[in-house]
Amino acid sequence: MKKILIIKHGSLGDIVFSLAAMISIRNQYPDSAIHLLTEKKNSNFLLKSKIFDKIIIDERKNFFIKSLLIIYKLLSIRYNLIIDLQNSQRTSFYNFFFRIFHSAKISSSRNFAHFRYKIPQQGKENVTVGLFNQLGLINIKKSSYIDYSWLKVKLEEEFKKPLAIFIPGVSKNGSHKQWPESNFAKLAKYCEEKNFDICVIGAKNDYNSALPILNICKNVINKIDKSPPEIIYSLALKSSIIFTNDTGPGHIAALANKNIVIVANNNNISKANLPNGKHVKKVLANSVKDIVPEDLFQFINKV
């Protein structure tokens, strides 16, 4: 496989779900030229991974002009293998053109794939597990060691106390899965009284979600609008416990394999998206709004 194209668009969380698959593809084909088709917002982050030799930008706008131009460009690159990790309706159109005008073999869960994986009903399979089941059809196995050290950076802060991280925000469309900010604040105050350093993480638009913590705690390490993936991961490595909604920054933090408590709705989407592992604790309810801070105190006391 001299040339491989991986297709993966989506949010930060979507990218995180596919990182282990991307790294495993690179580990299995260390000498191949591997290109990634993704959105610009993901490019700087993924360039640091050294997984890809080239990143091709696809903003998924105006299919009949811009996307067809991208497809035409990709057809001129004689790929041997195309791995569709996005598995969307849009990429099924891409696969159609690749199948007609290209000799590359296609791995996808969508139409026109040579190696098609049939995704089970939502909630029956974790997203990352499903991607490896798809890759298994082309004999790509999960690497025994997934290295995320490229995400680690030197931090300005030094921590003399146990560190508790709070990720209270969600995306613009994620209000239905946001635990109330007042609950995060009560939890942060409880941690502070237990002699934890408190750190809050989020994007600029998460400021209002973090404000109750900033108001109630005395000395908060405020990383709102200062939390690119590398900072999130590096802070998580230093942490004793992390509290988060089901959100992209929370999934980045989970890569550090530290104690993480995820507060989420108990539904098929959560079953598919939430990470697993001995360090992961999931606190679920039919509505995330029904979970009270006291339900999480036990995890703090264990730490």
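Look up: the structure comes first, before these words.
This one's a predicted model, so the numbers in the text were calculated from it and none came from an experiment.

A. Examining helix H1 (residues 12–28) more closely. Across its 17 residues, H1 extends 24 Å between first and last C-alpha, which sits within 8% of the 24 Å expected from 1.5 Å per residue. Helix geometry: H1 is bent most strongly at Ser18, by close to 45°. For H1, the buried fraction is high: 13 of the 17 residues fall into the buried class.

B. Main features of the state of the cysteines. All told, the structure shown has zero disulfides when counted by the stated rule. Counting only cysteine sulfurs, Cys217 is the nearest neighbor of Cys199, a cysteine outside any disulfide, at a range of 12 Å. Of the residues examined, Cys199 reaches a relative accessible area of 0% and is grouped as buried. Cys217 forms no disulfide, and the closest cysteine sulfur to it belongs to Cys191, at a distance of 8.4 Å.

C. Expanded view of the packing of H1 against helix H5 (residues 127–136). Two numbers describe how H1 lies on H5: the axes approach to 7 Å, and their chain directions differ by 30°. As far as their axial angle goes, H5 and H1 are roughly parallel. Crossing geometry of H1 relative to H5 is assigned as right-handed. Seen from H1, the contacting residues are Phe17, Ser18, Ala20, Ala21, Ser24 and Ile25; seen from H5, they are Val127, Thr128, Leu131, Phe132 and Leu135.

D. Structural detail: the layout of surface pockets. Space inside the second largest pocket adds up to approximately 690 Å³. Lys142, Tyr148, Leu255, Pro275 and Asn276 are, among the 29 residues lining the second largest pocket, the residues nearest its centre. Elements that contribute at least two residues to the lining of the second largest pocket include exactly H1, H5, helix H9 (248–254) and helix H10 (268–273). Per element, the largest residue contribution to the lining of the second largest pocket is four residues, and it comes from H5. When the residues that make up the lining of the second largest pocket are grouped by side-chain class, the tally is 17 nonpolar, nine polar and three charged.

E. Main features of the pairing of strand S2 (residues 33–38). Counting buried positions over the six residues of S2 gives five, a clear majority of the element. Pairing of strand S1 (residues 3–7) with S2 involves five bridges; the strand directions are parallel. When the bridges of S2 are listed, Ile6 appears paired with Leu36. For the handedness criterion, the β-α-β arrangement of S1, H1 and S2 is classed as right-handed.

F. Highlighting helix H3 (residues 63–75). Within the span of H3, buried status applies to Phe63, Ser67, Ile70, Ile71, Leu74 and Leu75. For H3, the angular spread of the buried residues around the axis is 140°, confining them to a single face. Those residues of H3 that are exposed and aimed more than 90 degrees away from the buried face are Leu69 and Tyr72.

G. Layout of the packing of aromatic side chains. For the structure shown, the criterion picks out seven aromatic pairs. Ring geometry for Phe166 and Phe243: centres 5.2 Å apart, planes at 20°, overall stacked. Placement of Phe166 in strand S7 (residues 163–167) and of Phe243 in strand S10 (residues 241–245) is noted, with a sequence separation of 77 residues between them. Look at Trp179 and Phe184: their rings are 5.0 Å apart centre to centre, the planes differ by 75°, and that puts the pair in the edge-to-face class. The exposure class of Phe184 is buried, given its relative accessible area of 0%. Clustering of aromatic rings is evident, with ring pairs tying together Phe96, Phe97, Phe101 and Phe112.

H. The arrangement of the pairing of strand S12 (residues 280–285) in detail. The sheet contact formed by strand S11 (residues 260–265) and S12 spans six bridges and is parallel. Within S12, the residue paired with Val261 across the bridge is Lys281.

I. Focus on the nonpolar core. Grouped together as the largest cluster of nonpolar side chains are 53 residues, with contacts concentrated most on Ile6, Phe52, Ile83, Leu135 and Tyr148. Per element, the largest residue contribution to this core is eight residues, and it comes from H1. Not counting residues within four places of it along the chain, the set of residues in contact with Leu135 comprises Ala21, Ile25, Ile83, Leu85 and Ile140.

Reading the values: the criteria
Residues numbered from 1 in each chain as written. Predicted model: local features only at pLDDT ≥ 70, side-chain atom pairs only at ≥ 80, totals over all residues. Heavy atoms only, no water. Helix = DSSP H or I, 4+ residues; strand = E, 2+ residues; numbered from the N terminus. Expected span 1.5 Å × (residues − 1). Bend = angle between axes of the 7 residues up to and from the residue. Buried < 20%, exposed > 50% of the residue type's maximum accessible area, 1.4 Å probe, protein only. Disulfide = S-S within 2.5 Å. Axes fitted to C-alpha atoms, helices over the stretch in contact; angles between N-to-C directions. Parallel < 35°, antiparallel > 145°, perpendicular 65-115°, else oblique. Left-handed = near helix turned anticlockwise from the far one by under 90°. Contact = heavy atoms within 4.5 Å. 1 Å grid on protein atoms, 1.4 Å probe; cavity = no way out; pocket = protein on both sides within 12 Å on 5 of 7 lines; lining within 4 Å. Points joined across faces, edges and corners; volume = space filled by probe spheres on them. Nonpolar A, V, L, I, M, F, W, Y, C, P; charged D, E, K, R; others polar. Pairing = 2+ DSSP bridges. Right-handed = clockwise from strand over helix to strand, strands pointing away. Arc of directions from axis to C-beta. Phe/Tyr/Trp six-rings, centres within 6.5 Å; stacked < 30°, edge-to-face > 60°. Core = buried A, V, L, I, M, F, W, Y, C linked by side-chain atoms within 4.5 Å.

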